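The primary structure of each chain is shown beneath.
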Amino acid sequence: MPAEILDVVKEFLGRDHALFIEGKALRTAGPSNAVVDPATGQVIAHVREASSDEVDQAVASARRGFLRWANTSPADRGQKLHRLADLLEQHSEELAQIETLQSGKLIGLSRSFEVAQAAHFLRYYAGWATKITGQTMSPSIPSMNGERYSAFTLREPVGVVVGIVPWNFSTMIAIWKLASALVTGCSVIIKPSEFTPLTILRIAELAIAAGIPAGVLNVVNGTGSVGKALIEHPGTDKVSFTGSVPTGLAVGSTAMQAKLTRATLELGGKNSAGFLPDFDIYKAVDGVIEAGFLHSGQICAAAERFYVHRSQMAAVLEKLSAKLASLRIGSPLDENTQFGPVTNRPHQQKLARYFDMARSEGNEIVHGGRIIDGPGCYVEPTVILAASRDATLLKEETFGPVATFLPYDDEEELVSLMNDSPYGLSASIWTNDLSKAMRMIPQLQVGTLWVNMHTLLDPSVPFGGIKASGIGREFGSAFIDDYTEMKSVMMRY
Ligand code: NDP
């Protein structure tokens, strides 16, 4: 049975949405974009785009917000983020339903990841508020007349942060960006994806209820050009972007050319999972599903390249296909559904092109490989056996439920295949042999490596890519470097 849509959700969807600036939802006359439920193809809300005047207003508000916020005490900032986490939990069902309606995410995932995990991350970041410190140094400058020197560093908030958020985890990724900014004393302007602009508008209202001052969190809607205008604006200081590699390269180059705007780029790539022959094949099949099919593979850290020992390939493919065939495909609002739609029509069409390409290049479609006709944006969970290591599906990110397999013969070949990519966000190795895992860890070129697990993130563990998968780190203490500037102070006495 699909979840009953709450009255507060119906009321929220019916509003004339636009922007959230200076603590208030702003009515505007901008062009209106339809937000479409990808499960049904129906329009569920309208959101108006910001004009360039409204971008200016948002930046002016964020600059005022920055001055207010940076002058509050660290403990106060931490408490307000904790209060916002309380409010996310109190409004959990409402936020989860809005998220599922705009993105097609399974309702269980919206409740557990988008809302509960977002609150968990927020509390983790809140804890850092009182723990951001500099260092002291003892300079060795020669002393002529008995004078001495001391030095220390300060960590100061970078200023107004532009957080550009993709459509795959529109609540959680927005929370990562706003939490990193707010806990370090920055203000933030969130630019959501045009496909999924709704949850952050509701969270901005909750932030005011949590006591976060007006202007500290603004939301500006629109397409990529609005994001670009925010990065180039003289009043912004940093961009934190999560999304695709091509857009990330454009964002990084806009940021550098504009005014050396600081940039954290968390991009996708073509992540791999390597299964060693000692690993139980039933567990390997569950591992493939965890690594490649959670949220229909629409996760930047998800694996898309799967390397299995030649002796086990046929058995793994057979068991995986049987498991995928048994998945209940249906409405994401129904708790019994195990596999929902992808988030938007252009993405469904892009996946259809990849299926055609896989066939025309002579790869074997072992399971799935078709879009599911109907008003919703459904595609079949798909398993492909690549004809060679040069297959396009081992090179380009599909960002969908498409697992491409290639056999290997020995460990050296496995490492070479896993590293055969210009990207380096994440990878996983699956083995019961700890010494083999320890030998492989230093050889794999990625920012995050999992052993016997994949995709799951924790706020205490830094996350980010190497090679063309990004610059900078989120989580842990590593994010602090990206959201603060270091000031060095030297004193003679
Ligand atoms: P993009 O990476 O293109 O967009 C991500 C965000 O950046 C959106 O908010 C987008 O706005 C904004 N944006 C787009 N162009 C610019 C720009 N020039 N300057 C500043 N901001 C910009 O993802 P899409 O949503 O367009 O999806 C395209 C493909 O990217 C997907 O099919 C998927 O394969 C991949 N993808 C990968 C992700 C990852 O984490 N690896 C995440 C999301 C998508 P708007 O959408 O409103 O135009």
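Okay, so let's go over this structure.

Rules behind the numbers
- Residues numbered from 1 in each chain as written.
- Predicted model: local features only at pLDDT ≥ 70, side-chain atom pairs only at ≥ 80, totals over all residues.
- Heavy atoms only, no water.
- Near = heavy atom within 4 Å.
- Polar contact = N/O pair within 3.5 Å; in protein donor to acceptor, adjacent residues only side chain to side chain.
- Areas by Shrake-Rupley, 256 points an atom, 1.4 Å probe, with all protein chains shown as cover.
- Helix = DSSP H or I, 4+ residues; strand = E, 2+ residues; numbered from the N terminus.
- Nonpolar A, V, L, I, M, F, W, Y, C, P; charged D, E, K, R; others polar.
- Domains from an automatic or database assignment.
- Axes fitted to C-alpha atoms, helices over the stretch in contact; angles between N-to-C directions.
- Parallel < 35°, antiparallel > 145°, perpendicular 65-115°, else oblique.
- Left-handed = near helix turned anticlockwise from the far one by under 90°.
- Contact = heavy atoms within 4.5 Å.
- Buried < 20%, exposed > 50% of the residue type's maximum accessible area, 1.4 Å probe, protein only.
- Lys, Arg positive; Asp, Glu negative; His and termini not counted.
- Salt bridge = Lys/Arg side-chain N within 4 Å of Asp/Glu carboxyl O.
- Phe/Tyr/Trp six-rings, centres within 6.5 Å; stacked < 30°, edge-to-face > 60°.
- Expected span 1.5 Å × (residues − 1).
- Core = buried A, V, L, I, M, F, W, Y, C linked by side-chain atoms within 4.5 Å.

**Topic: the site of the ligand**
- As a matter of local geometry, the ligand sits amid 25 residues, with Trp-167, Lys-191, Ser-244, Thr-247 and Lys-350 nearest to it.
- Within the backbone of Glu-194, a nitrogen or oxygen atom sits 2.9 Å from an oxygen atom of the ligand.
- Backbone polar atom of Gly-243 to a nitrogen atom of the ligand: 3.3 Å apart, as the coordinates give it.
- Starting from 840 Å² of accessible surface for the ligand in isolation, the protein chains cover 86%.
- Broken down by element, the residue count for the shell around the ligand peaks at three residues, all from helix 8 (residues 224-232).
- Classifying every residue of the shell around the ligand by side-chain character gives nine nonpolar, 11 polar and five charged.
- Three or more residues apiece are contributed to the shell around the ligand by two domains, here domain 1 (7-268 + 470-492) and domain 2 (271-458).

**Remarks on the packing of helix 3 (residues 74-90) against helix 7 (residues 198-209)**
- Packing of helix 3 against helix 7 brings their axes to within 9 Å, and their N-to-C directions diverge by 130°. The angle between the axes of helix 3 and helix 7 places the two elements in the oblique class. Relative to helix 7, helix 3 is oriented so that their crossing is right-handed. Contacts from Leu-84, Leu-87 and Leu-88 of helix 3 reach helix 7 at Ile-203, Leu-206, Ala-207 and Ala-209.

**Topic: the side chain of Arg-77**
- Here Arg-77 shows up in helix 3.
- No salt bridge is formed by the buried Arg-77; its nearest oppositely charged neighbour, Asp-76, is found at 7.5 Å.
- A polar atom in the side chain of Arg-77 sits 3.2 Å from the backbone oxygen of Trp-69.
- Apart from residues lying up to four places away in sequence, Arg-77 is in contact with Trp-69, Ala-70, Thr-72, Leu-182, Val-183 and Gly-185.

**A look at the packing of aromatic side chains**
- Taken as a whole, this structure holds 12 aromatic pairs when the rule is applied.
- On the numbers, 5.2 Å between centres and 20° between planes, the contact of Phe-275 with Trp-430 is stacked. On the criterion of sequence distance, the pair formed by Phe-275 in strand 13 (residues 271-275) and Trp-430 in strand 21 (residues 426-430) is long-range, its members being 155 residues apart. The burial state of Phe-275 is the same as that of Trp-430; both residues are buried.
- Taken together, a centroid distance of 5.9 Å and an interplanar angle of 70° make the contact between Phe-279 and Trp-430 edge-to-face. Here Trp-430 lies in strand 21 and Phe-279 lies in the loop between strand 13 and helix 10 (281-292), a separation of 151 residues in the sequence. There is no split in this pair, since Phe-279 and Trp-430 are both buried.
- Cluster of aromatic residues (ring-pair linked, three or more members): Phe-121, Trp-176, Phe-463 and Phe-475.

**Here we look at helix 3**
- The first and last C-alpha atoms of helix 3 sit 25 Å apart over 17 residues, in line with the 24 Å expected at 1.5 Å per residue.
- What helix 3 keeps buried is the set Arg-77, Gly-78, Lys-80, Leu-81, Leu-84, Ala-85, Leu-87 and Leu-88.
- Check the buried side of helix 3 and you find it contacts helix 2 (52-70), helix 4 (92-103), helix 5 (107-128), helix 6 (172-183) and helix 7.

**Remarks on helix 9 (residues 245-259)**
- For helix 9, spanning 15 residues, the distance from its first C-alpha to its last is 22 Å, which sits close to the expected 21 Å at 1.5 Å a residue.
- By the burial criterion, the buried members of helix 9 are Val-245, Gly-248, Val-251, Gly-252, Thr-254 and Ala-255.
- Those residues of helix 9 that are buried lie in contact with helix 8, strand 11 (238-243), strand 12 (262-267) and strand 20 (423-424).
- A positive phi of about 50° marks Leu-260, the residue just after helix 9.

**What to know about the nonpolar core**
- Grouped together as the largest cluster of nonpolar side chains are 71 residues, with contacts concentrated most on Leu-88, Leu-178, Leu-182 and Leu-198.
- The element contributing the most residues to this core is helix 6, with 10 residues.
- Counting the residues that make up this core, at least three belong to each of domain 1 (7-268 + 470-492) and domain 2 (271-458).
- Beyond its immediate sequence surroundings of up to four residues, Leu-178 is in contact with Leu-84, Val-188, Ile-190, Ile-200, Ile-203 and Leu-217.

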